[in-house]
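# Understanding the architecture of this molecule
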Amino acid sequence: GAHNLGPSDLPPGWTLATPATPALGTSALACMQMNPGGTADAVAARGPQGENVISQVDRWPSPSAASRAVAAFGRPTGAACFESAAEQSLSAIGFPVDIRVDQERPPPAAGRDAVAYHLTALDRSAGAPQSEGSVVFFSRGRRSAQVIALRGGQQPFSRAVLADLAGSLAERIRGRSP
């Protein structure tokens, strides 16, 4: 919807796709026992060079609830929940992978209330990296946003594209907060 990424936010050559259900971000939040209390707004996008992005916006009962969700995501249990949710989500669409996350610095556009991890998806059979990328989780007011960005083929996801997407999303969730 209006608070999430749209076609105009994507780089040239990218297309919107239908995200898996339940949304990966929703599964991770449920594992952390964080419930926004409403339906997530999730979109998926694909780039021309094996890039995949899932963007999810949740509306919380209060700004402090949104901030608490971001803080929970930054703790070891949050990282473990994200790993297991991502593994289940990717296995369900035919990618049996082991996900490893390592905390990294979020893009500046995500703001102060932000957590980010570097993601590595390892092929279960070969043990070799299948795709790499990042997840960024941040909040503005009563809304939280998660951007999951992966790229296949031994190439890391572009930091510049990730920063642009996080910046666009931050503007959208800050813009209208009814």
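Worth saying up front: this structure is predicted, and the values here are computed from it rather than measured.

### With respect to the overall build of the protein chain
- When helices and strands are counted, the protein chain shows four helices and seven strands.
- Going from the N terminus to the C terminus, the protein chain shows its helices and strands as β-α-β-β-α-α-β-β-β-β-α.
- At 15 Å, the protein chain has a C-alpha radius of gyration in line with the 16 Å of a compact globule built from 178 residues.
- Taken over the C-alpha atoms alone, the protein chain extends approximately 45 × 35 × 30 Å along its principal axes.

### Digging into the sheet that holds strand β4 (residues 97-104)
- Reading across the sheet, the seven strands line up as β1-β2-β3-β7-β6-β5-β4 and stay open at both edges, with antiparallel pairing between neighbours. Strand pairing shows two members of the sheet lacking a second neighbour, β1 (15-17) and β4, which therefore form its edges. Strand-to-strand, the axes of this sheet are offset by a mean angle of 20°, without reference to chain direction.
- One ladder, built from three bridges, connects β1 with strand β2 (residues 41-46); its direction is antiparallel. The residue bridging Leu16 from the neighbouring strand is Ala45, located in β2.
- Helix α1 (residues 24-31) contacts β3 (51-59), β6 (129-140) and β7 (143-152) of the sheet and is inclined by roughly 55° relative to β3.
- Sitting on the sheet, helix α2 (residues 63-73) is in contact with β5 (114-123), β6 and β7, with an inclination near 150° to β6.

### Some remarks on the side chain of Arg151
- Along the polypeptide, Arg151 turns up in strand β7.
- Glu51 provides the closest opposite charge to the buried, salt-bridge-free Arg151, at an N-O distance of 4.4 Å.
- Separated by 3.1 Å, the side chain of Arg151 and the backbone oxygen of Gln49 make a polar contact.
- If we ignore the near neighbours within four places in the chain, the residues touching Arg151 are Gln49, Gly50, Glu51, Gln130, Ser131, Glu132, Pro156 and Phe157.

### Considerations on the packing of aromatic side chains
- One pass over the structure, following the stated rule, counts four aromatic pairs.
- Between Trp14 and Phe157 the ring centres are 6.2 Å apart and the planes differ by 80°, which places this aromatic pair in the edge-to-face class. One end of the pair, Trp14, is in the segment before β1; the other, Phe157, is in the loop between β7 and α4 (159-175), with 143 residues separating them in the sequence.
- Judged by relative accessible area, which is 12%, Trp14 ranks as buried.
- Classification of Phe157 by relative accessible area gives buried; the value is 8%.
- Here Phe73 and Phe137 contribute two aromatic rings whose centre-to-centre distance is 4.8 Å and whose plane-to-plane angle is 65°, an arrangement assigned as edge-to-face. Of the two residues, Phe73 is situated in helix α2 and Phe137 in strand β6; the sequence distance between them amounts to 64 residues.

### Some points on the layout of surface pockets
- Considered as a void within the structure, the largest pocket measures approximately 530 Å³ in volume.
- Lining the largest pocket are 28 residues, with Asn52, Leu90, Ile93, Phe95 and Leu150 sitting closest to its centre.
- Partitioned by chemical class, the residues of the lining of the largest pocket number 19 nonpolar, seven polar and two charged.

### With respect to α1
- Within α1, burial applies to Leu24, Gly25, Ala28 and Leu29. Along α1, the residues classed as buried sweep out an arc of 135° about the axis, all on the same side.
- Those residues of α1 that are buried are in contact with β3, α3 (76-92), β6 and β7.
- Looking one or two places after α1, you find Gln33, whose phi comes out positive at around 60°.

### Considering the nonpolar core
- Core analysis: the biggest nonpolar cluster contains 29 residues, and Phe73, Phe82, Ile99 and Leu119 have the highest contact counts within it.
- Those elements giving two or more residues to this core turn out to be α1, α2, α3, β4, β5, β6 and β7.
- Those residues within four positions of Leu119 in sequence are excluded, and the remaining contacts are Phe82, Ile99, Arg100, Val101, Ser131, Glu132, Gly133, Ser134, Val135, Ile148 and Leu150.
- In this structure, Leu5, Val53, Val57 and Leu162 belong to the second largest nonpolar core, which totals 23 residues.

The rules behind these values
- Residues numbered from 1 in each chain as written.
- Predicted model: local features only at pLDDT ≥ 70, side-chain atom pairs only at ≥ 80, totals over all residues.
- Heavy atoms only, no water.
- Helix = DSSP H or I, 4+ residues; strand = E, 2+ residues; numbered from the N terminus.
- Rg over C-alpha atoms; globule rule 2.2 N^0.38 Å.
- Pairing = 2+ DSSP bridges.
- Axes fitted to C-alpha atoms, helices over the stretch in contact; angles between N-to-C directions.
- Contact = heavy atoms within 4.5 Å.
- Buried < 20%, exposed > 50% of the residue type's maximum accessible area, 1.4 Å probe, protein only.
- Lys, Arg positive; Asp, Glu negative; His and termini not counted.
- Salt bridge = Lys/Arg side-chain N within 4 Å of Asp/Glu carboxyl O.
- Polar contact = N/O pair within 3.5 Å; in protein donor to acceptor, adjacent residues only side chain to side chain.
- Phe/Tyr/Trp six-rings, centres within 6.5 Å; stacked < 30°, edge-to-face > 60°.
- 1 Å grid on protein atoms, 1.4 Å probe; cavity = no way out; pocket = protein on both sides within 12 Å on 5 of 7 lines; lining within 4 Å.
- Points joined across faces, edges and corners; volume = space filled by probe spheres on them.
- Nonpolar A, V, L, I, M, F, W, Y, C, P; charged D, E, K, R; others polar.
- Arc of directions from axis to C-beta.
- Core = buried A, V, L, I, M, F, W, Y, C linked by side-chain atoms within 4.5 Å.

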